[in-house]
Amino acid sequence: MPFYAFLRTVLLLCLLLPSCIALAQVSETEIRTIFPKLTRIGDPLETPSVIPVYQLDQLLGYVFETNDLTNLPGFSGERINLLIGLDATGKIVRIKVLNHHEPIFMHGLGEQPMIEFIRQYEGLTVDKRVIVDSRHSGQDQDGSGTVYIDGVTKATVSVLVMNDTVLSAALQVARAYLEGFERPPTVTVREDVFQPYSWQQLESSGLLRHWTVSEDQLQQGFSLPLEDYQDPELQQALAESDLPGRFYYAYLNTPVTGKNILGQQEYERLLSVLRPGEHALLVASVGEYGFLEPEFRRGTVPSRLGMSQNGLPVDIRDLDFFDNTQPQLPADAPAFEELRVFRIKAQSGFDPSQPMRLNLDLNLPRNHLIRDQAQFEDSYQLPAELFDITVTEEVEPMPLWQRLWLDRWVQITGLVLTLLVVTAAFIWQHRLSAHSRLFHQIRWGVMLFTLGFIGIYAQGQLSVVNIYTLLLQLVKGFDIKVFLLDPVLFVLWTYVFITLFLWGRGVFCGWLCPFGVLQEIAAKAGSLLKLKQVKIPPALHRTLQKLKYLLLLVLVGSAFWSVSLAERLAELEPFKTAITLTFIRSWPFVVYALLLLVTGMFIHKFFCRYLCPLGAGLAVLGRFSLFRWLHRRAECGSPCQLCKVRCGIDSINRDGSVDYDECIQCMECIVILNNDDQCAIELSQSKQRAKAARKPDGIPVQQI
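Below is a short write-up of the structure. Every value quoted in this text rests on a predicted model; they were computed, and no experiment measured them.

We now examine the overall build of the chain. Secondary structure summary: the chain contains 29 helices and 18 strands in total. Classification of the 704 residues of the chain by burial places 48% in the buried group. In the chain, the proportion of contacts linking residues at least 24 apart, taken out of those at least 6 apart, comes to 71%. With an accessible surface of roughly 34,500 Å², the chain has 57% of that area assigned to carbon and sulfur atoms.

Written out as structure tokens, the structure is:
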């Protein structure tokens, strides 16, 4: 038909439309609501992206958006963007929702349950193990660092995605910028490796590095003669022939270096000063021209001296270890002009078992306007026997979709068994329909199980919103993990998609749609109450049937314009009100859903026939189904009209053929055909055979 060709063309064009979803922008006001005591906001930091906030010079914490750190899709296929404040101790201060498209919170439960859920994280430190489980809610109940928080009924996927988003993003920030949250080291110092060494023995064994920068090397690094630079320290060193520069450095965490250089007592003091995972590096120099710039202040990062490893800079900061004490070095150690111990933080990723590189960055002034720079470097690696090197791979947590599949095995099992029963009913539909009573028991059993177990308990109500998600994913880049987040919907959609090309839309619409079952129950109630059924005139009926296709076009097209608008328009479907929220919702939605059901008591499956956009979408694909298994007799339509009269959804044409675009495969027509006591043709032929059996031989019937 031209209409269906037009429909398919428009749907294809919808896929080509751009989708623009603007993310929320963080304002200074929002940051102040998280840290009200802040006096200034620092410059944004990268890797990971955060905004530091301060009270005067004291760091209060960091503010960051989860979209900058995680890529976990929500139930709608879009990420849930949260603004998180993390204080300097690793405690979550506050979380605000910046942007989300979770249907259950936008147009179902409302956003208040979402806000109440994320408030449970406030006050938790990121080293806690958080489990969403309402049965054991409460902080650190078992003393093991595990915290149980309440979930949100009917929003399981959304809250689990938020949980993973919060913890993943906050832990990344803590590990990058805060002390005490680093990953466990894979390299540990061997405490049993020690023997007494002199300074010269440490140097000759490679435990202590001696680095000399000659005057010729210095000169090669600069374009002018060294005497031409206006650097008082350098000129004094040249005048006293105190060049070349001599530097010594050593890693102090190992007993064989730390004890021999510092002595037992000072080595133990050093270990007590260092935090877990931190490293210490001793650097010393002989001569006036050393590794510290004249303006160097204790406890700060030197600008002249640097360190790197694997091509990446390693931050070193003066530990001010010899503040009020005189270092007791080995007797054969040189007399040092400069001697400092530097701290390497755990977050730096420094590995003492790997080669390290010490850098000397010199910046010499030609005059008060122009300066020349040069860098000199030396490489050093400690012997491997000083460390226990454990090759470990960080265990990635089980993906959220896998956890959901394991947690919902009961729902999945019940759904799969139901689908097997439905499949068997369709494969052997003619055998089964020959037993009218058994067929109706099986069909009503499946439908009631669909309503109670699949729909209300397992939340397996398909919706046109799922079509939005699929189409938007195809435009943006398909990711199957988005659909795996809800195993019940994934299994059901997979089954429906396959059966669309076998038997058409009726497998879902007539057997597996929870709201469709409610309409069947409403129609049954109308029949028991003997309510007069409203018969829609054929011409009007055909016109109204096209309405659901028009609604489908509007809804799908709106999704590519605005997801939020499309989700609001999707309230045309009463599924969320009646099935997902079981009528626990604001009164306009409840009245609308009940009105449709009451209408269905007078007009069989009114919503399915004329308004359901999901049914329209399934019907479009169902046109390509392979089989037309609803058996017809030659007499169907002419002269017999029994099946057409009894077809509640009015999908049998006057010529006896079945309109598979509208048929919900209730199979009532083949029950009639396959039961001799119901089929009008069989009943008529049986009467004729009975009359023929009673007629005496050779006497015409009219003479009897």
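And the narrative resumes.
Looking now at the packing of helix H17 (residues 487-500) against helix H26 (residues 613-622). For the pair H17 and H26, the least separation of the axes is 9 Å and the interaxial angle reads 45°. As summarised for this structure, H17 and H26 are arranged oblique, according to the angle between their axes. The residues of H26 that touch H17, namely those facing Trp493, Val496, Phe497 and Leu500, are Leu614, Leu618, Leu621 and Gly622. Among the residues making up the contact of H17 with H26, the classes are represented as seven nonpolar, one polar and no charged.

As a further point, take helix H14 (residues 436-457). Helix length check: H14 (22 residues) gives 30 Å between terminal C-alpha atoms against 32 Å at 1.5 Å per residue, within 8%. Listing the buried residues of H14 in full gives Ser436, Phe439, Arg443, Val446, Met447, Thr450, Leu451, Phe453, Ile454 and Gly455. Residue Gln459 follows H14 closely and has a positive phi angle near 55°.

Let us now look at the packing of aromatic side chains. The final tally for this structure, using the stated rule, is 23 aromatic pairs. An angle of 75° between the planes, with centres 5.1 Å apart, marks the rings of Phe321 and Phe322 as edge-to-face. Aromatic pair Phe426 and Trp503: ring centres 5.1 Å apart, planes at 40°, arrangement tilted. Pair noted here: Phe426 is in helix H12 (residues 409-427) and Trp503 is in the loop between H17 and helix H18 (506-512), with a separation of 77 residues, a long-range link.

With antiparallel pairing, five strands are arranged side by side in an open sheet as E1-E2-E3-E4-E5. Each edge of the sheet is formed by a strand with only one pairing partner; in this case those strands are strand E1 (40-41) and strand E5 (92-99). Strand direction decides the pairing type here: strand E4 (residues 81-87) and E5, joined by six bridges, are antiparallel. Looking at the pairing, Ile84 lines up with Ile95 of E5. Strand contacts of helix H5 (residues 156-177): strand E3 (58-65), E4 and E5, with the helix running at about 40° to E4, the strand carrying the most contacts.

Let us look at the environment of Phe117. If you trace the backbone, Phe117 turns up in helix H4 (residues 112-119). Along the chain, Phe117 and Asp150 lie 33 residues apart, while their C-alpha atoms are 7.1 Å from each other. The contact partners of Phe117, leaving out residues within four places of it in the chain, are Val132, Ile149, Asp150, Gly151, Val152, Val159 and Met162.

Within the structure shown, the criterion is met by 20 salt bridges. A salt bridge links Arg298 to Asp320; the shortest N-O distance between them is 4.0 Å. Of this pair, Arg298 sits in the loop between strand E11 (279-286) and strand E12 (305-309) while Asp320 sits in the loop between strand E14 (316-318) and strand E15 (338-344), and the two are 22 residues apart along the sequence. A single network of salt bridges, built from pairs that share partners, joins Arg298, Asp318, Asp320 and Arg340.

Right, let's get into the nonpolar core. Membership of the largest hydrophobic core comes to 78 residues, with the highest contact counts inside it found for Val422, Leu492, Phe508, Trp511, Leu512, Phe515 and Leu614. When residues in this core are grouped by element, the largest group, seven residues, is from H17. Excluding anything up to four places from it in sequence, Leu614 contacts Leu462, Ser463, Val464, Ile467, Trp493, Phe508, Glu573 and Phe575. With 60 residues, the next largest nonpolar core counts Phe222, Leu305, Leu319 and Leu362 among its residues.

Of all 10 residues that make up strand E16 (residues 356-365), seven are buried, and the element is covered over most of its length. By the bridge criterion, four bridges tie E12 to E16 in an arrangement that is antiparallel. Across the sheet, Leu305 pairs through a bridge with Leu360, a residue of E16. Two elements, E16 and strand E17 (residues 371-380), share 10 bridges in a ladder whose sense is antiparallel. Bridging across to E17, Asp361 finds its partner in Gln375. If you look at the hairpin formed by E16 and E17, you'll find five residues sitting between the two strands.

To continue, consider a negative patch on the surface. A surface patch of like charges, here negative, comprises Glu215, Asp216, Glu227 and Asp228. Structurally, Glu215 can be placed in helix H7 (residues 215-221).

This brings us to the packing of H14 against helix H19 (residues 514-528). Relative orientation of the contacting elements H14 and H19 amounts to 130°, with a least axis distance of 9 Å. For the element pair H14 / H19, the angle class is oblique. With respect to the hand of their crossing, H14 and H19 are arranged in left-handed fashion. Side by side, H14 and H19 meet where Arg443, Trp444, Met447, Leu448, Thr450, Leu451 and Gly455 of the first sit next to Pro514, Val517, Leu518, Glu520, Ile521 and Lys524 of the second. Of the residues that constitute the contact of H14 with H19, the class distribution is eight nonpolar, two polar and three charged.

Moving on to unusual backbone geometry. As a rule of thumb, non-glycine residues mostly have phi less than zero, and peptide bonds are mostly trans rather than cis. Although it is not a glycine, Thr582 sits at a positive phi angle of roughly 45°. As for its placement among the helices and strands, Thr582 is situated in the loop between helix H23 (575-580) and helix H24 (587-602). Of the residues examined, Thr582 reaches a relative accessible area of 26% and is grouped as partly exposed. In this structure, Met667 is a non-glycine residue whose phi angle is positive, near 70°.

Attention now moves to the side chain of Lys576. As for its placement among the helices and strands, Lys576 is situated in helix H23. A polar side-chain atom of Lys576 sits 3.2 Å from a polar atom in the side chain of Glu571.

Let us look at the side chain of Asn253. Turning to its location among the elements, Asn253 is positioned in the loop between strand E10 (245-251) and helix H9 (255-262). By relative accessible area, which is 9% here, Asn253 ends up buried. Here the side chain of Asn253 touches Ala280 through a polar contact of 2.8 Å, landing on its backbone nitrogen. If we ignore the near neighbours within four places in the chain, the residues touching Asn253 are Val189, Tyr267, Leu274, Glu278, His279 and Ala280.

Criteria and cut-off values
- Just so you know, the residues in each chain are numbered from 1, in the order the chain's sequence is written.
- Selection of residues for local features in this predicted model requires a pLDDT of at least 70, selection of side-chain atom pairs for listing and counting requires 80 or more, and totals for whole chains, interfaces and linings are taken over all residues.
- Hydrogens and water molecules were not included; the side-chain quantities draw on all heavy atoms of the structure.
- Runs of H or I in DSSP of at least four residues are treated as helices and runs of E of at least two as strands, each being numbered from the N terminus.
- Relative accessible area decides the class of each residue, using a 1.4 Å probe on protein chains only: under 20% of the type maximum gives buried, over 50% gives exposed, and in between gives partly exposed.
- By definition, residues are in contact when any of their heavy atoms lie within 4.5 Å.
- The Shrake-Rupley method, run with a 1.4 Å probe, gives the accessible areas here. Residue values count only the displayed protein chains as cover.
- All axes here are fitted lines through C-alpha atoms, helices being fitted over the stretch that makes contact, and every angle between N-to-C directions spans 0 to 180 degrees.
- Throughout, the term roughly parallel applies to angles under 35 degrees, roughly antiparallel to angles over 145, roughly perpendicular to angles from 65 to 115, and oblique to all others.
- Ten residue types, Ala, Val, Leu, Ile, Met, Phe, Trp, Tyr, Cys and Pro, are classed as nonpolar, four, Asp, Glu, Lys and Arg, as charged, and the remainder, Gly among them, as polar.
- Multiplying 1.5 Å by the helix residue count minus one yields the expected span of that helix.
- Two rings from Phe, Tyr or Trp (for Trp, the six-membered ring) form a pair when their centres are within 6.5 Å of each other. A pair whose planes differ by under 30 degrees is stacked, one over 60 is edge-to-face, and the rest are tilted.
- For two strands to be treated as a pair, DSSP must find at least two bridges joining them.
- The term salt bridge refers to a pairing of a side-chain nitrogen on Lys or Arg with a carboxyl oxygen on Asp or Glu at a separation within 4 Å.
- Buried residues of nine kinds, namely Ala, Val, Leu, Ile, Met, Phe, Trp, Tyr and Cys, make up a nonpolar core once their side-chain atoms join them within 4.5 Å.
- A patch is a set of surface residues, each over 30% in relative accessible area and not in a salt bridge, joined within 9 Å for like charges and within 5 Å for the nonpolar side chains Val, Leu, Ile, Met, Phe, Trp and Tyr.
- We score Asp and Glu as negative and Lys and Arg as positive, and we do not count His or the chain ends.
- Charge positions are represented by NZ for Lys, CZ for Arg, CG for Asp and CD for Glu.
- Helix crossings get a hand from a simple test, with the near helix turned counterclockwise from the far one by less than a right angle marking a left-handed crossing and a clockwise turn marking a right-handed one.
- A 3.5 Å cut-off defines polar contacts: any pair of N or O atoms within that distance qualifies, except that in protein one atom must be a possible hydrogen donor and the other a possible acceptor, and neighbouring residues in sequence count only when both atoms are side-chain atoms.

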